[in-house]
Amino acid sequence: MEKDWWKHSVVYQVYPQSFKDSNADGIGDLKGIIEKLPYLATLGIDVIWLNPIYESPGVDNGYDISDYYKIDPKYGQLDDLKTLLEEAHKIGIKVILDLVVNHTSDKHRWFEESKKSQDNPYSDYYIWKDPKPDGSEPTNWGSTFGGSAWEYVPERNQYYLHCFAKEQPDLNWDNPKLREEIFQMIDWWFQFGIDGFRMDVITLISKDLNYPDAPESLPYTKSYYIGASNGPRVHEYLHELNEKVLKRYDVMTVGEAPNTNADQALRYTKPENEELNMVFHFDHMHLDYGRYGKFSDVRFKLSELKRVLSEWQDKLAEGWNSLHWSNHDQPRAVTRFGDDSVYRVESAKMLATLLHMMKGTPYIFQGEELGMKNVPFEKVEDCQDIETQYFLQLMKEKGEPESYIKESMYLKSRDNARTPFPWNGDANDGYGFSPSKPWIAYSSDNQFINAESALEDEGSVFYYYKQLIALRHQLPIIVHGDYELINESDSNVYSYLRTYENQTLLVVCSFADKPTYVDLPKELLERSGRCLIHNYPKEPSSLNVKQELQPYEAFVYLFD
Ligand code: GLC
Ligand code: CA
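None of these values were measured; they are calculated from a predicted model.

Cut-off values and rules
Residues numbered from 1 in each chain as written. Chains lettered and ligands numbered in written order. Predicted model: local features only at pLDDT ≥ 70, side-chain atom pairs only at ≥ 80, totals over all residues. Heavy atoms only, no water. Axes fitted to C-alpha atoms, helices over the stretch in contact; angles between N-to-C directions. Helix = DSSP H or I, 4+ residues; strand = E, 2+ residues; numbered from the N terminus. Parallel < 35°, antiparallel > 145°, perpendicular 65-115°, else oblique. Left-handed = near helix turned anticlockwise from the far one by under 90°. Contact = heavy atoms within 4.5 Å. Near = heavy atom within 4 Å. Polar contact = N/O pair within 3.5 Å; in protein donor to acceptor, adjacent residues only side chain to side chain. Buried < 20%, exposed > 50% of the residue type's maximum accessible area, 1.4 Å probe, protein only. Pairing = 2+ DSSP bridges.

## Quick look at the packing of helix α12 (residues 386–397) against helix α13 (residues 402–412)
Interhelical geometry of α12 versus α13 gives an angle of 160° and a closest axis separation of 10 Å. Compared by their axis directions, α12 and α13 come out roughly antiparallel. Note that α12 runs across α13; the crossing there is right-handed. Two secondary-structure elements touch here, α12 through T388, F391, L392, M395 and K396 and α13 through Y404, I405, S408 and M409.

This is the structure we're talking about:
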């Protein structure tokens, strides 16, 4: 068996609800994904990550699971997943699922039992606390989606903890019985044939048993971080999971790691620690935060982006990185980090170059390979996402002007990523997604940005991604080479080197919307080099120490 296959893999994230509807109910489903496997094979990806498809009341789009062993009927049945696995495996694509074990739905059988009394077989499956003497909540923690992180249940005269919605009670990992149930369930899925897990907010599973109050300075919606993230036993629990289950299978694991720095991430991913293969960090996603956290109109600074990405490249040299610009919780990368109007195609390719030439496992979120941009929803109320709705309310209450609210929603809402995938440009055909009204509005850009036109255009963002993926498969330097940032103080261009054995890779990415230039190392240019990929039709005939660059130009050279 090929060892560490995830190191030279590229993962494609499918948001099942919005990928392809096969039975005309306006909701994407498993059969739809099966139908579109050839598209993913053309792109050349190695692994599909599916967002949660388990039975769920859908309060947080499937991140509230009521039965870990069942597929939500809107997506199909277990048999459909079996077929998807078989068909994907036939063409060399692996499939990983989303593991949501920090919390369940409040409709999960465990919780329905647990809340009944203080002494039932499930009473310690969740985190219950007595009220303070004055009857108030055990700590001052707020939940991600607004309001307190504690909910009172009269039957127990206690509060339960929910870091997310109140319909998402946190599981009590300190209970060994709960851990056993979770490990068994994970084992069951590996027996079923899946190839790994993306682990939802896995850094939150161990709580600080002192339950410290959060300082007022921390945003209320994140105040639970103080006692809930990277808690005292998190490494022990992940190691236990590894020992008892993961080790026995050839699978990949990627943990979602909010509020985790690179030093902590190294602990999770160092092979000898036997915990996880890699984690998703969000440091680069925080560069445009404002007074409401993510909902702001702030633009990132290139110097900060360089600092953050380079820090992670450097510090995780002994561990492993995951590389991502986008996912189902983030706005579209080309709007956020590039230019989604005049230079949409050039800047989407530039961003792809920057990320895919780094060390780590790249993730592509569906539609990113088309250069999809943020969605101008007609009314902010059209956003369905629970997080967006909360911030919308909050900003209204705080008396923010309508224009600020609209702009920050447009720039940051999670629904930007969740509109149906545009298979073609025909509105009458539901853009190839569904003949029925979709569960969430289509993007009005689908007419111009869609898979059919991308596949017909040799110069499309799609074929550029395909080329980047192929390069990773061909060249060990892209997988294993050391990373070195160059031209650190250049405020327009992000450039770096990768070195491996006697080869050097030069990666140059301009973030300027005007022509500019970059300094290139003279010694390097004296060696023989060839261009591997370039986002403008004509490649530079030879490189100069002061190399001119077109707006958002990007290229990669390999020197022997
Ligand atoms: C993760 C998921 C997000 C979800 C949250 C709670 O951050 O990516 O979509 O809302 O966890 O499960
Ligand atoms: Ca459907």
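Once the structure has been displayed, the description carries forward.
## Here's the deal with the site of ligand 1
The full set close to ligand 1 counts 14 residues, and D60, D200, E256, H328 and D329 are the nearest of them. Separating an oxygen atom of ligand 1 from a side-chain N or O atom of E256 is a distance of 2.9 Å. At 2.5 Å, a side-chain N or O of D329 approaches an oxygen atom of ligand 1.

## Comments concerning the pairing of strand β20 (residues 554–559)
Most of β20 is tucked away, with six of its six residues classed as buried. Along β20, one buried face is formed by A554, V556 and L558 and the opposite face, lined by F555, Y557 and F559, is buried too. The sheet contact formed by strand β16 (residues 503–510) and β20 spans six bridges and is antiparallel. Directly across from T504, in β20, lies its bridge partner F559. Relative to β20, strand β18 (residues 529–534) runs antiparallel, the two sharing five bridges. Bridge pairing links R530 to L558 in β20.

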